[in-house]
Amino acid sequence: MSANEPSKPTPPVPAPPAVPMPRKAPSPAALAPVAPVPAASSTSAEWGRVSDDGTVEVREGETWRVVGQYPDGTPEEALAYFVRKFDDIAFKVRALEQRQQSGGASASDLAKQAGHLIDEATDAAAVGDLAGLRERLNTLTASLSEATEQEAQQAKELVDKAIADRTALVEKAEAIAARDLSKVQWKQVTAELGELFDAWQAQQQGGPRLSKGISQQLWKRFRDARSIVDKQRRAFYSELDDAHKSARDAKTRLVERAEALAPRGTDGIPAYRTLLDEWKAAGRAGRKADDALWARFKAAGDALYAARAEQAAAEEADSAPKIEARQALLEEAKAVADESDIKRARALLTRIQRQWDEIGRIFPREKERALDDKLRAIEQALKGREDVDWKRNNPETKARANDMSSQLLEAIEKLEAEVAAAEKAGDEKAAKAAADALEARRAWLSALGG
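In this text, all values refer to a predicted model and were calculated from it rather than measured experimentally.

Visitor: Can you lay out the overall build of the protein chain for me, pointing to particular residues and giving the numbers?
Guide: Looking only at helices and strands, the protein chain features twelve helices and three strands. Taking all 450 residues of the protein chain together, 28% fall into the buried category. Looking at the protein chain alone, contacts between residues at least 24 apart form 68% of all its contacts between residues at least 6 apart. Within the structure as shown, the protein chain displays about 28,900 Å² of accessible surface, and the carbon and sulfur contribution to it stands at 53%.

Okay, here's the thing in structure tokens:
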């Protein structure tokens, strides 16, 4: 920059205290050249004026108020500077009006911003229709008043609902804490209380802010209910751990005793069954411990039962010829039923029974029982024949039968005479009665073999 080049005008000096302090003009060597200051608007003369010493005033109503000084510039530059100050405020007012018209913004926020702009437009160091700006802001504030009241009512309703919702969560938590916690399913109770806590946090983060007093009061109730449940849950699981430890120790000893039965083989099975009953009464030791201990306990039992299976297989192999021998005796025993002479039939069966017993035990026992049942059927049939023969040939039975036969014969002879006499007399009723009695006596006599 040459020495003859004009320097930039010094910024205006505002009049204290309502206007900004003047800025020192920078030296030409310190700044690059700047664009010329724009001229004031055509209406600036209506609202502002500049005195010879650079003092700038703004008209508000019928009075003029000093807004600052611009001593090192032209009157147009001085007015342009303070008009830009006014335009900045006017721009904010227009933006606020547009936000109010477009909707979506909070009326209370807009009203608060309008109040700040009113303060900014009052005694502002600017040239323009400041009174008009304040009037527009007052109109905007009035139009926002009803919306602000509605927002306040809605906010109160939201707060009331949030209080009711959190109170409901508190009451549910307190209801859980009031249960008989010695009889609950802790997994379910823990899940229920966790859901309530998640809901509490969601309302706290996404809901309206409550007053500190109400919020702390509700949280204290919720926290106290959780503390009761947590204390009972810790006590329950502490007792459960003790019970699991006791059961684990008992089952460990049972496993050791079961494993010690292995050398006894099949003879150890009764003792193992006793240990199994003790195992069932020992209680739970926790899933992992139970599974591991049961695997060892079952393995010990499997070894015993495997020994019995081997023994049974060996016994069944030894029983094959015995089974064939007994089946052959059953074929021979069929002749017992065909033998008409009971004494010879009994002698045959007795010989077969003796040979049957000499064969010995058969395994498996199911096959032995099946063969025994078939021989028993033959024995029962012969015994039935013997009972009938005994009744028929018993001397006492015969004597009683002969005595009764004699009595029946006498009765028959008497009834025959009565029938003949009645028929001769023509008494049909008496004849029929005597004939019926006669027929009955003859039937009895026939049953006695007479």
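Now that the structure has been shown, the text picks up again.
Visitor: Tell me what's going on with the sheet that holds strand β1 (residues 48–50), and back it up with residues and numbers.
Guide: Reading across from one edge, β1-β2-β3 is the order of the three strands in this open sheet, with antiparallel pairing throughout. Of all the strands in the sheet, the pair left with one neighbour each is β1 and β3 (63–69). Pairwise comparison of adjacent strand axes, ignoring direction, gives a mean angle of 30 degrees for this sheet. Pairing of strand β2 (residues 55–60) with β3, which is carried by six bridges, proceeds in the antiparallel orientation.

Visitor: For the pattern of salt bridges, give the residues involved together with the corresponding values.
Guide: Following the criterion strictly, the structure yields 34 salt bridges and no others. In this structure, D249 and K245 form a salt bridge, with 3.3 Å as the shortest nitrogen-oxygen distance. Of the two residues, D249 and K245 are both situated in helix α6 (residues 212–259); the distance of four residues between them amounts to about one turn of the helix. Judged by its relative accessible area of 31%, D249 falls in the partly exposed class. By relative accessible area, which is 44% here, K245 ends up partly exposed. Here K251 ties to D290 by a salt bridge, and the two come within 2.8 Å at their closest N and O atoms. Of this pair, K251 sits in helix α6 while D290 sits in helix α8 (residues 287–338), placing them 39 residues apart in sequence. Overall, the relative accessible area of 4% leaves K251 in the buried class. Overlapping salt bridges bring together E60, R65, D123 and R134 as one network.

Visitor: So, helix α4 (residues 130–177): which residues are in play, and what are the values?
Guide: Taking 1.5 Å as the rise per residue, α4 with 48 residues should run 70 Å; its terminal C-alpha atoms sit 66 Å apart, in good agreement. The sharpest bend along α4 comes to roughly 35 degrees, located at S145.

Visitor: Outline the pairing of β2, supporting the account with residue identities and numerical values.
Guide: The buried fraction of β2 is high, at five of six residues. Here three bridges tie β1 to β2, and the two strands are oriented antiparallel to one another. In the sheet register, G48 faces β2, and the bridge partner there is V58. Hairpin connection between β2 and β3: a loop of two residues separates the two successive antiparallel strands, and G61 in this loop has a positive phi of roughly 70 degrees.

Visitor: Provide a residue-level description of the packing of aromatic side chains, including the pertinent values.
Guide: Counted under the stated rule, the structure contains 14 aromatic pairs. Plain terms: the ring middles of W200 and F222 are 5.0 Å apart, the flat faces sit at 25 degrees to each other, and that makes the pair stacked. Note that W200 is positioned in helix α5 (residues 186–206) and F222 in helix α6, a separation of 22 residues in sequence. Ring centres 5.9 Å apart and planes at 25 degrees place the aromatic pair W219 and F222 in the stacked group. Residue W219 and its partner F222 are located together in helix α6, separated by three residues, close to a single helical turn. Site record: aromatic cluster; members linked through ring pairs are Y272, W279, W294, F297 and Y305. Sitting above the plane of the W64 ring, R49 keeps its charged end 4.2 Å from the centroid. Looking at R166, its charged tip hangs above the ring of W200, at a distance of 5.5 Å from the centre.

Visitor: Help me get a handle on the nonpolar core, residues and values and all.
Guide: Nonpolar side chains in soluble globular proteins generally cluster together in the buried interior. Judged by nonpolar contacts, the single largest core of 30 residues is most densely connected at V56, F82, L96, V127, L130, L133 and L137. Going through the elements one at a time, β2, α2 (75–102), α3 (107–121) and α4 are the ones with two or more residues in this core. Within the second largest apolar cluster, 19 residues are counted, among which are A162, V170, A173 and A177.

Visitor: Could you give me a rundown of the packing of α8 against helix α9 (residues 342–359), with the residues and numbers involved?
Guide: In the contact formed by α8 and α9, the axes pass within 10 Å of each other and the chain directions differ by 175 degrees. Comparing their axes, α9 and α8 come out roughly antiparallel. Between α8 and α9, the residues in contact are K322, A325, R326, L329, L330, E332, A333, A335 and V336 and A345, L348, L349, R351, I352, Q355, W356 and I359, respectively. Each residue belonging to the contact of α8 with α9 can be placed in one class, and the counts come to twelve nonpolar, one polar and four charged.

Visitor: Explain the packing of α8 against helix α10 (residues 365–393) to me, and be specific about the residues and the numbers.
Guide: The interhelical angle for the contact between α8 and α10, taken along N-to-C directions, is 20 degrees, at an axis separation of 10 Å. Judged by the angle between their axes, α8 and α10 are roughly parallel. In this structure, α8 crosses over α10, and the sense of that crossing is left-handed. In contact with E316, I323, R326, Q327, L330, A333, V336 and A337 of α8, α10 contributes K367, E368, L371, D372, K374, L375, I378, L382 and R385. Class assignment for the residues of the contact of α8 with α10 results in nine nonpolar, one polar and seven charged.

Visitor: Can you lay out unusual backbone geometry for me, pointing to particular residues and giving the numbers?
Guide: Here the bond from F363 into P364 is cis, since omega is -5 degrees, no more than 30 degrees from zero. By secondary structure assignment, the location of P364 is in the loop between α9 and α10. For D123, which is not glycine, the phi torsion reads 55 degrees and is therefore positive. Mapped onto the secondary structure, D123 falls in the loop between α3 and α4. Given a relative accessible area of 43%, D123 falls into the partly exposed group.

Rules of the game
- Residues numbered from 1 in each chain as written.
- Predicted model: local features only at pLDDT ≥ 70, side-chain atom pairs only at ≥ 80, totals over all residues.
- Heavy atoms only, no water.
- Helix = DSSP H or I, 4+ residues; strand = E, 2+ residues; numbered from the N terminus.
- Buried < 20%, exposed > 50% of the residue type's maximum accessible area, 1.4 Å probe, protein only.
- Contact = heavy atoms within 4.5 Å.
- Areas by Shrake-Rupley, 256 points an atom, 1.4 Å probe, with all protein chains shown as cover.
- Pairing = 2+ DSSP bridges.
- Axes fitted to C-alpha atoms, helices over the stretch in contact; angles between N-to-C directions.
- Salt bridge = Lys/Arg side-chain N within 4 Å of Asp/Glu carboxyl O.
- Expected span 1.5 Å × (residues − 1).
- Bend = angle between axes of the 7 residues up to and from the residue.
- Phe/Tyr/Trp six-rings, centres within 6.5 Å; stacked < 30°, edge-to-face > 60°.
- Lys NZ or Arg CZ within 6 Å of the ring centre and 35° of its normal.
- Core = buried A, V, L, I, M, F, W, Y, C linked by side-chain atoms within 4.5 Å.
- Parallel < 35°, antiparallel > 145°, perpendicular 65-115°, else oblique.
- Nonpolar A, V, L, I, M, F, W, Y, C, P; charged D, E, K, R; others polar.
- Left-handed = near helix turned anticlockwise from the far one by under 90°.

Note that all results are geometric; they support no functional claim without further evidence.
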